[in-house]
Amino acid sequence: MALLEVNDIHTYYGNIHALKGVTVEVDTGEIIALIGSNGAGKTTTLRTISGLMEPREGAVYFEDEDISNTRADLLVSKGISMVPEGRGVFAKLTVEENLDMGAYIRRDGGVKDDLAGAYELFPRLEERKKQVAGTLSGGEQQMLAIARALMSKPRLLLLDEPSMGLAPVLVDGVFDTIQRIANEGVTILLVEQNAHMALQIADRGYVLQSGEVAISDTAANLQQNETVQKTYLGID
Ligand SMILES: Nc1ncnc2c1ncn2[C@@H]1O[C@H](COP(=O)(O)OP(=O)(O)O)[C@@H](O)[C@H]1O
Ligand SMILES: [Mg+2]
């Protein structure tokens with residue numbers, strides 16, 4: 001069975017039927033891209049997986065366990081960590097305090113080593129560890145948000161638009177980082193409007209449209225798909 005199975009979920013905001021039967025599977029070791037236009041339901045899908053919202057119908061399974069009604073903080077300890085849209089770092093805390101917060105659920109003694117690992121992945125954050133997060137650049141805040149999520153030692157990392165709002169010169173770096181994290185054995189579900197970059201690093205992808213999965217295929221096939229090219233890759 002897959003590491004994560006999102007099985008025909010329907011999620012609502014009040015009366016607004018945001019997800020209309022979304023099914024997504026993620027196997028251990030994969031990078032899965034979730035692409036789609038603004039309002040398609042990408043964030044809602046991640047919010048439902050991570051326990052911030054509950055599906056009204058359908059179910060989410062993580063390692064064969066039904067987690068549809070499990071709270072977000074419990075899911076972090078089960079191994080699911082999310083980097084939200086807009087990053088959400090604690091602006092008034094220092095870089096190092098933010099990273100410590102990411103490890104708050106941990107009871108093992110490995111936190112110091114993982115802090116060292118985070119600084120190895122992002123040397124820039126080590127240089128700035130005493131700086132308050134609110135004064136970091138957008139790119140540095142994105143690094144911090146990802147590093148903080150990694151401090152809980154996730155097996156599944158959910159990333160919501162990590163390249164959004166970043167200067168073009170920084171975008172390559174973000175995707176390179178995601179690839180390196182995957183190489184360390186973390187499974188990744190990546191939401192992106194930058195379909196071009198997302199499909200370059202992904203194994204497979206799902207195209208969301210108006211709360212439904214319109215297309216799902218290997219990343220290579222999606223890159224060749226005419227509809228995907230026209231609508232999401234800007235190729236005529
Ligand atoms: N807090 C909210 N309250 C009401 N409707 C919302 C809220 N957040 C999102 N929606 C609606 O749910 C749908 C899916 O939104 P979202 O998951 O944020 O899309 P995406 O991340 O793909 O841009 C959209 O129609 C959006 O307007
Ligand atoms: Mg979104």
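The structure presented is a predicted model; accordingly, all values stated were derived computationally and were not measured.

Participant: Tell me about the overall build of the protein, and please be specific about residues and values.
Facilitator: Along its length, the protein carries 10 helices and 10 strands. The C-alpha radius of gyration computed for the protein amounts to 17 Å, which stays within 12% of the reference 18 Å derived for 236 residues, consistent with globular compactness. Overall, the C-alpha framework of the protein stretches about 45 × 40 × 35 Å when taken along its three principal axes. Sequence-distant contacts in the protein: of pairs separated by 6 or more residues, those separated by 24 or more amount to 65%.

Participant: An account of the domain arrangement of the protein is requested, with residue identities and associated values reported.
Facilitator: In terms of domains, the protein is made up of domain 1 (1-79 + 154-236) and domain 2 (86-150). In this structure, domain 1 and domain 2 have C-alpha centres spaced 23 Å apart. Every contact between the two is made by 12 residues of domain 1 and, on the other side, eight residues of domain 2. Of all the secondary structure elements, the ones that give two or more residues to the side of domain 1 that touches domain 2 are α2 (72-78) and α7 (168-183). Considered class by class, the residues forming the side of domain 1 that touches domain 2 number eight nonpolar, three polar and one charged.

Participant: Hey, could you go over the site of ligand 1 for me, with residue numbers and the actual values?
Facilitator: As a matter of local geometry, ligand 1 sits amid Y13, I16, A18, G36, N38, G39, A40, G41, K42, T43 and T44. When contributions to the shell around ligand 1 are tallied by element, the ones reaching two or more residues are β2 (16-26) and α1 (42-49). If you tally residues by element for the shell around ligand 1, the top one is α1, at three residues. The residue makeup of the shell around ligand 1, split by class, is four nonpolar, six polar and one charged.

Participant: I'd like a description of the sheet that holds strand β7 (residues 156-160), backed by residues and values.
Facilitator: Pairing is mixed in the open sheet, where six strands are placed in the order β6-β7-β8-β3-β9-β10. Because the sheet does not close on itself, it has two edges, and the strands there are β6 (80-83) and β10 (212-218). The sheet shows a mean angle of 15 degrees between the axes of neighbouring strands, direction not considered. Of the pairings in the sheet, the one linking strand β9 (residues 204-209) to β10 comprises six bridges and is antiparallel in character. If you follow G205 over to β10, its bridge partner there is D217. The sheet strands contacting α1 are β3 (31-35), β6, β7, β8 (187-192) and β9, and the helix crosses β7 at an angle near 150 degrees. In the packing of helix α6 (residues 138-150) onto the sheet, the strands contacted are β6 and β7, and the crossing angle to β6 comes to about 170 degrees.

Participant: Which residues make up the environment of L199, and what values do they have?
Facilitator: Tracing the backbone shows L199 in helix α8 (residues 195-201). With 25 C-beta atoms counted inside 10 Å, the residue L199 sits in the buried group. Each C-alpha atom, one on L199 and one on L34, is 9.3 Å from the other, the two residues being 165 residues apart in sequence. Excluding residues within four positions of it along the chain, L199 makes contact with A33, G205, A219, L222 and Q223.

Participant: Break down the nonpolar core for me, with residues and values.
Facilitator: Most often, soluble globular proteins keep nonpolar side chains buried together rather than apart. One finds L34, L144, A147, L158, I188 and L190 to be the most contacted residues of the largest nonpolar core, which totals 65 residues. For this core, the element with the most residues is α6, which contributes seven residues. Both domains that furnish three or more residues to this core are identified here as domain 1 (1-79 + 154-236) and domain 2 (86-150). Setting aside residues up to four positions removed in sequence, L190 forms contacts with I31, I32, A33, L34, L159, I178, A198 and A202.

Participant: Describe in detail the packing of helix α3 (residues 95-102) against α6, supporting the description with residues and values.
Facilitator: One way to put it is that α3 packs onto α6 with a least axis distance of 7 Å and a crossing angle of 35 degrees. The hand of the α3/α6 crossing is right-handed. Mapping the contact onto sequence places V95, N98, L99, M101 and G102 in α3 and L144, A147, R148 and A149 in α6. Taken together, the residues of the contact of α3 with α6 sort by class into six nonpolar, two polar and one charged.

Participant: Can you break down α6 residue by residue, with the values?
Facilitator: For an α-helix the count is 3.6 residues per turn, leaving residues at separations of three or four pointing the same way. The end-to-end C-alpha distance of α6 is 19 Å, a good match for the 18 Å that 13 residues give at a rise of 1.5 Å each. Burial analysis of α6 places 11 of its 13 residues in the buried class, which makes it a mostly covered element. For α6, every residue scored as buried is listed here: E140, Q141, Q142, M143, L144, A145, I146, A147, R148, A149 and L150. Its buried side turned inward, α6 meets β6, α3, α4 (111-121), α5 (123-127), β7 and α7.

Parameters and conventions
Residues numbered from 1 in each chain as written. Chains lettered and ligands numbered in written order. Predicted model: local features only at pLDDT ≥ 70, side-chain atom pairs only at ≥ 80, totals over all residues. Helix = DSSP H or I, 4+ residues; strand = E, 2+ residues; numbered from the N terminus. Rg over C-alpha atoms; globule rule 2.2 N^0.38 Å. Contact = placed C-beta atoms within 7 Å. Domains from an automatic or database assignment. Nonpolar A, V, L, I, M, F, W, Y, C, P; charged D, E, K, R; others polar. Near = placed C-beta within 6 Å. Pairing = 2+ DSSP bridges. Axes fitted to C-alpha atoms, helices over the stretch in contact; angles between N-to-C directions. Buried ≥ 20, exposed ≤ 12 C-beta atoms within 10 Å, placed from the backbone. Core = buried A, V, L, I, M, F, W, Y, C linked by C-beta atoms within 7 Å. Left-handed = near helix turned anticlockwise from the far one by under 90°. Expected span 1.5 Å × (residues − 1).

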